[in-house]
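Now for the letters of each chain:
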Amino acid sequence: LWVVRFGDEFLLVSDAGVGSSVAEDLARFKLRVQLEIGEPEPVLDLIGPDSAAVVDGLDEGTVERALPAPLGGLSRFFLVGAAADDLATGARPVGRLASTAVRVEMGEPVMGRDVDENTIPQEAGDVAESVSFTKGCYLGQELVARIDSRGHVNRHLRGLVLTENALPPDGAGVVVDDAPVGTITSVSESLKVGAPIGLGLIRREVEPGSPVEIRWPTGTARAEVRTLPLV
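Basis of the calculations
Residues numbered from 1 in each chain as written. Predicted model: local features only at pLDDT ≥ 70, side-chain atom pairs only at ≥ 80, totals over all residues. Heavy atoms only, no water. Helix = DSSP H or I, 4+ residues; strand = E, 2+ residues; numbered from the N terminus. Buried < 20%, exposed > 50% of the residue type's maximum accessible area, 1.4 Å probe, protein only. Lys, Arg positive; Asp, Glu negative; His and termini not counted. Salt bridge = Lys/Arg side-chain N within 4 Å of Asp/Glu carboxyl O. Polar contact = N/O pair within 3.5 Å; in protein donor to acceptor, adjacent residues only side chain to side chain. Contact = heavy atoms within 4.5 Å. Phe/Tyr/Trp six-rings, centres within 6.5 Å; stacked < 30°, edge-to-face > 60°. Lys NZ or Arg CZ within 6 Å of the ring centre and 35° of its normal. Pairing = 2+ DSSP bridges. Axes fitted to C-alpha atoms, helices over the stretch in contact; angles between N-to-C directions.

**Focus: the side chain of D15**
Piece 1. Structurally, D15 is set in the loop between strand 2 (9-13) and helix 1 (19-28).
Piece 2. No salt bridge is formed by the buried D15; the nearest opposite charge belongs to R103, separated by 6.9 Å.
Piece 3. A distance of 2.8 Å separates a polar atom in the side chain of D15 from the backbone nitrogen of M111.
Piece 4. Excluding residues that lie within four positions of it along the chain, D15 makes contacts with W2, P109, V110 and M111.

**Brief notes about the packing of aromatic side chains**
Piece 1. Evaluation of the coordinates by the stated rule reveals 1 aromatic pair.
Piece 2. Between W2 and F78, the aromatic rings sit 5.0 Å apart at their centres with planes inclined by 70°, giving edge-to-face as the arrangement. Taken together, the residues span a long stretch of sequence, with W2 in strand 1 (residues 2-6) and F78 in strand 5 (residues 76-80) at a distance of 76 residues.
Piece 3. When the ring centre of F6 is taken as origin, the NZ or CZ atom of R65, which lies over that ring, is 3.9 Å away.

**Description of the sheet that holds strand 8 (residues 179-190)**
Piece 1. The strand order around the closed barrel built from 6 strands is 6-9-8-7-10-11, with neighbouring strands paired in antiparallel fashion. Neighbour-to-neighbour, the strand axes of this sheet turn through a mean angle of 40°, independent of strand direction.
Piece 2. As paired elements, strand 6 (residues 155-162) and strand 9 (residues 195-203) share 7 bridges and run antiparallel to each other. In the sheet register, R158 faces strand 9, and the bridge partner there is G200.

**So, the sheet that holds strand 3 (residues 43-47)**
Piece 1. Reading across from one edge, 3-5-4 is the order of the 3 strands in this open sheet, with antiparallel pairing throughout. This sheet does not close on itself; its edge strands, each paired only once, are strand 3 and strand 4 (65-68). Neighbour to neighbour, the strand axes of the sheet diverge by 25° on average, direction disregarded.
Piece 2. Sheet topology note: the strand 4/strand 5 ladder contains 4 bridges and is antiparallel. Residue pairing for strand 5: P68 is matched across the bridge by F77.

**Quick notes on the pattern of salt bridges**
Piece 1. Following the criterion strictly, the structure yields 12 salt bridges and no others.
Piece 2. R28 is the partner of D25 in a salt bridge, and the nearest nitrogen-oxygen pair spans 3.1 Å. Here R28 and D25 lie together in helix 1, a separation of 3 residues that amounts to about one turn.
Piece 3. On the basis of relative accessibility, which here comes to 35%, the residue D25 falls in the partly exposed class.
Piece 4. Among the ionic pairs, D114 bridges to R103, the shortest N-O distance being 3.1 Å. Of the two residues, D114 is situated in the loop between helix 3 (96-106) and helix 4 (121-124) and R103 in helix 3; the sequence distance between them amounts to 11 residues.

**A closer look at unusual backbone geometry**
Piece 1. Of note, the bond from L228 into P229 is cis; its omega dihedral lies within 30 degrees of zero at -5°.
Piece 2. You can see P229 is positioned in the segment after strand 11 (219-226).
Piece 3. Residues other than glycine seldom take positive phi values, yet R32 does so here, at roughly 50°.
Piece 4. Its location among the elements puts R32 in the loop between helix 1 and strand 3.

From the geometry alone we can't say anything about function, so treat these as descriptive.
Right under this line is the structure:
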């Protein structure tokens, strides 16, 4: 999730469907502090090179807040309290396939689909941007610090680029020499890459550039493991 501070107020932006879980976790760990936790509310993603111009052109009161949150090298805003109909000028809604393609190209995972509560920050590649090794105690600090100082993780979030025209389902298995090495998630078709793409937590032995096979009950397809972002 993303954390934005406004004085004594913090706004947390989570992936769709997990906002209630975030609020429950915060309530469970709230100790000796005067803190009110609000109810989750909808947030729109506004993505694209003209997104800043669209935000500047919004009528006053259309959104509660417009938060810049770049998606890799692409401009993106989180619009709090907005409806799609409010963005009639310069913006248009897109389907899941298109929005997933942009997200996968930039290498951003979704909670509950590409990563979950068992994913370690080093596996997802989040350490450089989101982990502090100097702030003091916090949940998960010992594991993260131990891996950083003397260990490694057994899998990494990677991009997968299919080398044939197929669109496997989310959760299809990724294998090398009949041995499972991960799954492919957030599958889409990329116009920039020119091929179907996806994300996956892949065994560390399978290095970027390695060929793999993707298998699901009704088909198979060949693919190549890539580092993120894909573009």
